[in-house]
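The primary structure of each chain is shown beneath.
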Amino acid sequence: MAASEFSAASIARLHTVFATLAFVSTFVIGCTLHYKKIVKNDVAQYPDEWFPSVSATIGDWYPERNIFQILIALTSGPRFGLVFLQYHLHRTAKSSLPTIVFLFGLIRTLSCGGWVYVTSSDDHDVHDFMMVLYIVCNIPWMLFGTITTPIASTSIRKRRRQVSIAFFATLIPLVYFFVQHKIYRIPGAYTRYSFCEWGLILLDVLYDSITEQEFREAGLRISLGGPTTPESTLNKTLSQTEKNSSKLVQGIPLPPTADKAMTDAVDTALAPSQKTMLTEERVPETSSSTYRCSLSFLSDIYLAYTFWSLLTALIPTLFYFSVWELSIAGTELALFSLVSPVFLSIKFASPTSGVASNTPTMPKFKTLLDLVKTRRGQVLFQTISFIGIAAYAVPSPMGRLLLVAVASMAAMLRQSVLWAGIAQGEEDVGYQAIVTGLGIVIASWTKQANRSNNPIWPFINHKAGGWNKTGLVVGLLALYEYSTRPVPALKPVAQAPTIRQSSSTLLGALPFACLLFSIYNLLGDAGTLVAWSWTGYENGVPRGPLPHLHGSLTIVAMVAGSLLALWSITRQTRNPLSHPLWFAFGAASSYVMYAYRNWPGYLGGLGTATFLMSIIPLIFQKAATAASGTQGQLGVATTYGIAMFVYCIVSVLNVFTVAYAFVPGGVYLRERTDLILVFSTGCLSLAFNIPGLSQALVSRPPSRHLSTKFKNHIRTAFAALSVLTLLTTIYRLPRAPPTPFKPGPKIFTAGIWTVHFGIDNEGHDGQQGMMNLIKDMELDIVGLLETDLNRPAFGHRDLTRLMVEEMNYNVDLGPGPNQHTWGAVLLTKFPIISTKHHLLPSPHGELAPAIEAVLNIYGTEVTVVVSHNGQEEDPLDRELQSTELAKIMAASTRPVLFLGYVVTNPGAQRPHPYGILSNEGNVHDIDIEDADRWCEYIFYRGLYRTSYARLSRGIITDTELQVGQFMTPRHGHNVTDDSYEARYLRSPKEDLPEAHWMPMEYYGSAESGGVNGHFYHVFNTPLYYKLPEGALV
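Nothing here was measured: the structure is a model prediction, and the numbers come from that model.

Procedures and definitions
Residues numbered from 1 in each chain as written. Predicted model: local features only at pLDDT ≥ 70, side-chain atom pairs only at ≥ 80, totals over all residues. Heavy atoms only, no water. Helix = DSSP H or I, 4+ residues; strand = E, 2+ residues; numbered from the N terminus. Buried < 20%, exposed > 50% of the residue type's maximum accessible area, 1.4 Å probe, protein only. Areas by Shrake-Rupley, 256 points an atom, 1.4 Å probe, with all protein chains shown as cover. Contact = heavy atoms within 4.5 Å. Phe/Tyr/Trp six-rings, centres within 6.5 Å; stacked < 30°, edge-to-face > 60°. Lys NZ or Arg CZ within 6 Å of the ring centre and 35° of its normal. pLDDT = per-residue confidence, 0-100. Patch = residues over 30% accessible without salt bridge, like charges linked within 9 Å, V, L, I, M, F, W, Y side chains within 5 Å. Salt bridge = Lys/Arg side-chain N within 4 Å of Asp/Glu carboxyl O. Expected span 1.5 Å × (residues − 1). Bend = angle between axes of the 7 residues up to and from the residue. Pairing = 2+ DSSP bridges. Right-handed = clockwise from strand over helix to strand, strands pointing away. Axes fitted to C-alpha atoms, helices over the stretch in contact; angles between N-to-C directions. Parallel < 35°, antiparallel > 145°, perpendicular 65-115°, else oblique. Core = buried A, V, L, I, M, F, W, Y, C linked by side-chain atoms within 4.5 Å. Polar contact = N/O pair within 3.5 Å; in protein donor to acceptor, adjacent residues only side chain to side chain. Left-handed = near helix turned anticlockwise from the far one by under 90°. Nonpolar A, V, L, I, M, F, W, Y, C, P; charged D, E, K, R; others polar.

Undergrad: Which parts of the structure should I look at to understand the overall build of the protein chain?
TA: Looking only at helices and strands, the protein chain features 32 helices and 18 strands. Here the protein chain, with 1033 residues, has 60% of them falling under the buried criterion. Within the structure as shown, the protein chain displays about 40,200 Å² of accessible surface, and the carbon and sulfur contribution to it stands at 63%.

Laid out in structure tokens, this is it:
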């Protein structure tokens, strides 16, 4: 039977026609029949909202929903065909990208069915997830699809590039308006979101329609039915080749059998073409080498991730002791375990006289370096470094610190040799630099996914979301792969000349040290740059980015910088990122980050993130060149030893900028983050080709096998991380606005808690325990103090992240790490109208932060002040700070609630803080008869207080939780009777409605009762108060 044949371009055209018809017809029918219904949403309706979303148009009403689903069903066949045919054209032996595009194309097509046939009215969460998955899959589909388009197809590549850029650009306003609608509930925002959503649909269809041109230019045809012989196929193909010689891409090899199963399936279904016949000349190759290459790459990046996790765990582990001592505790010396590369120059004892030197029982390594650079030595020291991950099982904080210090020593010994490019089989410094960057990005993403805690840190146990056992097992598997990896034969590599001067070691070590410090100091968590730029709310919306919403942008910027780094080291010319102009960009970005706030400051931070990640290979190669200078075996030891010593010193000095009141000589660095930034940036400049500054050292070029062996693996890994960070953010987006715990009776509960930097008494992270108590006490407003952990000393943790995402709070982070305070945070279930940050007068002691917020509490605007004042040792500071707080509260015409750490005796008059706050601030103590207080206080004005409780600290912190329960006067009314007698109508809880009762399970003592060591203490019960007669609430 004769075979029928038709152009594959017709399949692409059919897909375009069906897809366009589906959306256009549904939009027209929906607007005609149900216009006001499909523009309505949970925030607003017509006329505030006047343009329908895609979800409402296609999924809510008959008959448009049914028509749309039928047309999409007709579209599915051509779409699957389009995905298969595009893979057939793009597959090549030199890249796995076409396979990746193919897989994402399948997922994309299946997820389309998810949001089409599970409508928003059926299951809103499933519908949204499928639609988000579809959009996310479009990123690799478009990006890699454009990259894999043959270079000779200039018109097709140009069109795909233009559509892809437009698609990605539209995502920015789409996310912005979605946040405005979903979180801030602004009427009209969903209409703007809908425009972006429809724009994405049109761009999506337009991108896929380009395949019609590609199939036509390639002369791709499909043959149906009839047997074919090799001869007829060859003749037909040669004829087709001559016919389309001006359009076909020349010189692009077809894939080997690495994708053989998929290739055979596609080839069987498609008629032979020029591309098919060219594969007859291919030499088959086994998939084992490709598989092992991929496995080796995954092992390398996981081992890099464990190294970075260990490096960033050391300082928080030792700082536990400094926090409890509030001074230098001596354990800080453990930080200098990172200087272990100096031991690489240690010489082993010579063989005993009279014994042959080649005797197996005698040492065969002259120095420790000789051992570490062998495969056996690398495995040995990597194994020792895993002790740091396993330290989570040690209950003693001191025991954990000792193990982490030993592990850090071993890790630095191994890593220094890898970075120097002298480890056996690991001579590519550029590859090691990129892998290190990947490990850093993975650490940032795992922290984002684990609420700012690295899941394999030794002080993060299972109670705090740790994955220590899993991380250790995966690490051992990666190490096993590394130990059994074939060692490639050494090939001589031509070296660029190195000018050997005595300064070369410093020129390599200083930039290396400051690069590691800068990355950890600024990029230790995706939310750190957000915290640097944060200033609060205005008119009900944030002035800048929020960590849980926009932190993923930091990771995307890090990925962008890493891809720039990859591009720079795979060029055959001199590294273009060593040009002074690129350093100028980095320095300018750092200045904007430091000098500006809100979105401008954060954009400067994103530029800094891109810059720092992009120069990792440049600086690693400078250090490796310095290590291979005139000093022989000492080169690696001195270069990396000096580098890590400088890293330790800068890290300590960085702590002094905020802890100046507790360390000798700290006054000289008080609030001088600018000096730290200038010094670190200045040291980075030594790695750039700045005339007259850094010409004493010329970097050796990286070996070029990276470009062919791992380039695609690296691109794929970075693309996957970009997708994962965006998916993590989207998954954690709140599904509804925050709601108070007791909206019915209009009761709200507020608490103040000094959380001691989130480190519990056992040296573990305390977020989970904090959240459990806050949730049980049903706190609608929470003031948390000592919370600014976006510093290396605390591991760049965010104590609000878990509660914001799990309990759906609005949050004000307070003054950021560049404001040099210990931190204050406001969490609230009520809408935040505005906030203002204050740095209270602190001439002698620590800088005191305060947050002044206006909240909409059941329709009444209430001023809430959260403050952390100075210590007992600085009476002048406390007096000035209390005076400033009193002015803030006295100036407010609204009801006032004060939650603060004050350090004063109850009833003490000026100059003591209590008298200043209560008298000059015109506020009432929550219970003036509670004489057993010192640090934490709650004051109020213009509210009805109905309950007051104090809960023991348990093991979470060193300070109790104080809780007050309040009611606002009826809207438009004030407190009817504010006298002492009216405020102190004490009552047993049984005389009050049950809604006022605090949780019963927290009755107990230190011996029994309570929950997790928390119980009502001092009074052994909450105190309750009746409303005064005639109170209107």
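Undergrad: Please clarify how the environment of Pro817 should be interpreted in this entry.
TA: Locating Pro817 in the fold gives a position in the loop between strand 7 (810-812) and strand 8 (824-828). Considered as a pair, Pro817 and Ser533 are 284 residues apart in the sequence and their alpha carbons are 9.4 Å apart. The contacts of Pro817, once residues within four sequence positions are left out, are Ala531, Trp532, Asp788, Asn790 and Arg791.

Undergrad: What's the story with the packing of aromatic side chains in this structure? I'm lost.
TA: Aromatic ring pairs are defined here through the distance separating the ring centres and the angle between the ring planes. Evaluated as defined, the whole model comprises 50 aromatic pairs. Consider the rings of Tyr320 and Phe321, whose centres lie 5.0 Å apart with planes at 85°: the pair is edge-to-face. We note that Tyr320, like Phe321, is buried. Their ring planes at 45° and their centres at 5.0 Å tell us that Phe512 and Phe620 sit as a pair that is tilted. Residue Phe512 is found in helix 18 (residues 504-523), and its partner Phe620 is found in helix 23 (residues 616-627); the two are separated by 108 residues along the sequence. Phe620 matches Phe512 in its accessibility class, with the two residues each being buried. The aromatic ring of Tyr482 is capped on one face by Arg414, whose charged end is 5.2 Å from the ring centroid. Here the guanidinium or amino end of Arg945 rests over the ring plane of Tyr1025, the centre of that ring lying 3.6 Å away.

Undergrad: Could you clarify how one ought to interpret the confidence of the model for the protein chain in this entry?
TA: Here the protein chain averages 86 in pLDDT, and 88% of its residues register 70 or above. Throughout residues 265-287 the model reports pLDDT below 50, and contacts reaching past four residues in sequence, or to other chains, amount to 46 contacts. Low confidence marks residues 695-700, where pLDDT is under 50. Its contacts with residues over four positions away, or in another chain, come to 32 contacts.

Undergrad: Explanation requested: the side chain of Thr863 in the structure shown.
TA: Along the chain, the position of Thr863 falls in strand 11 (residues 860-868). Residue Thr863 is classed as buried on the basis of its relative accessible area, which comes to 1%. Ignoring anything within four residues of it in the chain, the contact list for Thr863 reads Glu852, Ala853, Val854, Ser892, Arg894, Pro895, Val896 and Leu897.

Undergrad: What is the right way to read a nonpolar patch on the surface from this model?
TA: Together, Val342, Phe343, Ile346 and Met409 line one region of the surface with nonpolar side chains, adding up to about 300 Å² of accessible area. Here Val342 shows up in the loop between helix 11 (288-325) and helix 12 (368-372).

Undergrad: I would appreciate a short explanation of helix 1 (residues 9-39) in the present structure.
TA: It helps to recall that an α-helix has 3.6 residues per turn; residues three or four apart then point in one direction. For helix 1, with 31 residues, the first-to-last C-alpha span of 38 Å runs short of the 45 Å given by 1.5 Å per residue. When the local axis directions of helix 1 are compared, the greatest deviation, roughly 90°, occurs at Leu33.

Undergrad: What is the right way to look at the pairing of strand 11 in this model?
TA: Regular strands have side chains that alternate between both faces of the sheet. Of all 9 residues in strand 11, 8 are buried; the element is thus mostly enclosed. As judged from the 8 bridges shared by strand 10 (residues 848-857) and strand 11, these two strands associate in the antiparallel manner. Bridge pairing in strand 11 places Asn856 opposite Glu861. The loop that links strand 10 with its antiparallel partner strand 11 comprises 2 residues; one of these, Tyr858, has a positive phi angle of about 50°. Direction of pairing for strand 11 relative to strand 12 (residues 896-901): parallel, over a ladder of 6 bridges. Within strand 12, the position partnered with Ser867 by the bridge is Gly900. You can see the chain leave strand 11, run along helix 30 (residues 875-891) and come back into strand 12, and the turn it takes is right-handed.

Undergrad: Would you mind going over the packing of helix 3 (residues 64-90) against helix 4 (residues 97-117) with me for this structure?
TA: In a pair of packed helices, the angle between the axes and the distance between the axes together describe the arrangement. Two elements in contact, helix 3 and helix 4, have axes whose closest approach is 9 Å; the angle formed by their N-to-C orientations is 175°. Here helix 3 is positioned roughly antiparallel relative to helix 4, judged by the angle of their axes.

Undergrad: Mind showing me how you'd approach the nonpolar core here?
TA: If you look at the biggest cluster of nonpolar residues, it comprises 255 residues, and the most contacted ones within it are Trp115, Phe512, Tyr647, Ile781, Leu784 and Leu897. The element that contributes the greatest number of residues to this core is helix 11, accounting for 18 residues. Other than its neighbours up to four places away in sequence, Leu784 contacts Trp753, Val755, Met770, Ile774, Met803, Gly823, Ala824, Val825 and Leu827. Counting residues in each nonpolar core, the second largest holds 15 residues, with Ala848, Ala850, Val865 and Leu917 among its members.

Undergrad: What exactly am I supposed to notice about the sheet that holds strand 9 (residues 832-840) here?
TA: In a beta sheet, neighbouring strands are held together by backbone hydrogen bonds and run either parallel or antiparallel to one another. Strands sit in the order 9-10-11-12-14-13 across an open sheet of 6 strands; the sheet is mixed. Looking at which strands have only one partner, the edges of the open sheet turn out to be strand 9 and strand 13 (924-925). Sheet analysis places strand 12 next to strand 14 (residues 936-941), joined by 6 bridges and oriented antiparallel. Each bridged residue has a counterpart across the sheet, and for Leu899 the counterpart in strand 14 is Ile938.

Undergrad: I'm lost on the sheet that holds strand 5 (residues 747-754) in this one. Help?
TA: Spatially, the 8 strands line up as an open sheet ordered 7-8-6-5-16-15-18-17, and their pairing is mixed. Looking along the sheet, the strands with just one partner apiece sit at the ends: strand 7 and strand 17 (986-987).

Undergrad: Please clarify how the pairing of strand 15 (residues 944-951) should be interpreted in this entry.
TA: Among the 8 residues that make up strand 15, 8 are buried, leaving the element largely enclosed by the rest of the structure. Bridge count between strand 15 and strand 16 (residues 961-967): 7 bridges; the pairing is antiparallel. Paired with Arg950 across the strands is Gln962, a residue of strand 16. Relative to strand 18 (residues 1023-1025), strand 15 runs antiparallel, the two being bridged by 2 bridges. Bridging from a neighbouring strand, Tyr948 pairs with Leu1023 of strand 18.

Undergrad: Hey, could you run me through the pattern of salt bridges in this one?
TA: Any two side chains of opposite charge can pair, on the condition that their charged atoms come close. One pass over the full model with this rule turns up 36 salt bridges. Close ionic contact of Arg79 with Asp208 constitutes a salt bridge, the shortest N to O distance being 3.6 Å. Here Arg79 is found in helix 3, whereas its partner Asp208 is found in helix 7 (residues 189-218), with 129 residues between them in sequence. Relative accessible area serves as the criterion here: at 8%, Arg79 is assigned to the buried category. Under the relative-accessibility criterion, Asp208 is labelled buried at 2%. For Arg672, the salt bridge goes to Asp674, with nearest N and O atoms at 3.0 Å. Connected through shared salt-bridge partners, Arg292, Asp300, Arg375, Glu426, Glu481 and Arg485 make up one network.

Undergrad: For this particular structure, what's the right way to read unusual backbone geometry?
TA: A negative phi angle is the norm for most residues apart from glycine, just as the trans form is the norm for most peptide bonds. In the segment running from Tyr46 into Pro47, the intervening peptide bond is cis, with an omega of 10°. Within the secondary structure, Pro47 is located in the loop between helix 1 and helix 2 (54-59). Omega for the peptide link from Arg910 to Pro911 comes to 15°, which places this bond in the cis form. Examined against the element boundaries, Pro911 turns out to sit in the loop between strand 12 and helix 31 (913-920). Even without a glycine there, the phi angle at Val1018 is positive, about 65°. Mapped onto the elements of the fold, Val1018 is located in the loop between strand 17 and strand 18.

Undergrad: Honestly, the side chain of Thr800 in this entry has me stumped. Any pointers?
TA: Mapped onto the elements, Thr800 comes out in the loop between strand 6 (781-785) and helix 29 (801-807). Of the polar contacts made by the side chain of Thr800, one reaches the side chain of Asp798; its length is 2.7 Å. For Thr800, the contacting residues outside a window of four places in its chain are Val811, Leu813, Val825 and Leu827.

Undergrad: What's the story with the environment of Ser294 in this structure? I'm lost.
TA: You can see Ser294 is positioned in helix 11. The class of Ser294 is partly exposed, set by a relative accessible area of 24%. For Ser294 and His713, which are 419 residues apart along the polypeptide, the C-alpha to C-alpha distance reads 7.2 Å.

Undergrad: Would you explain the packing of helix 18 against helix 23 in this entry?
TA: Where helix 18 meets helix 23, the axes come as close as 8 Å, and the angle between the chain directions of the two elements is 145°. Every pair of crossing elements has a handedness; the one defined by helix 18 and helix 23 is left-handed. Residues Ser504, Thr505, Gly508, Pro511, Phe512, Leu515 and Ile519 of helix 18 lie in contact with helix 23, whose contacting residues are Ile616, Ile619, Phe620, Lys622, Ala623 and Ala626. Residue composition of the contact of helix 18 with helix 23, by class: 9 nonpolar, 3 polar and 1 charged.

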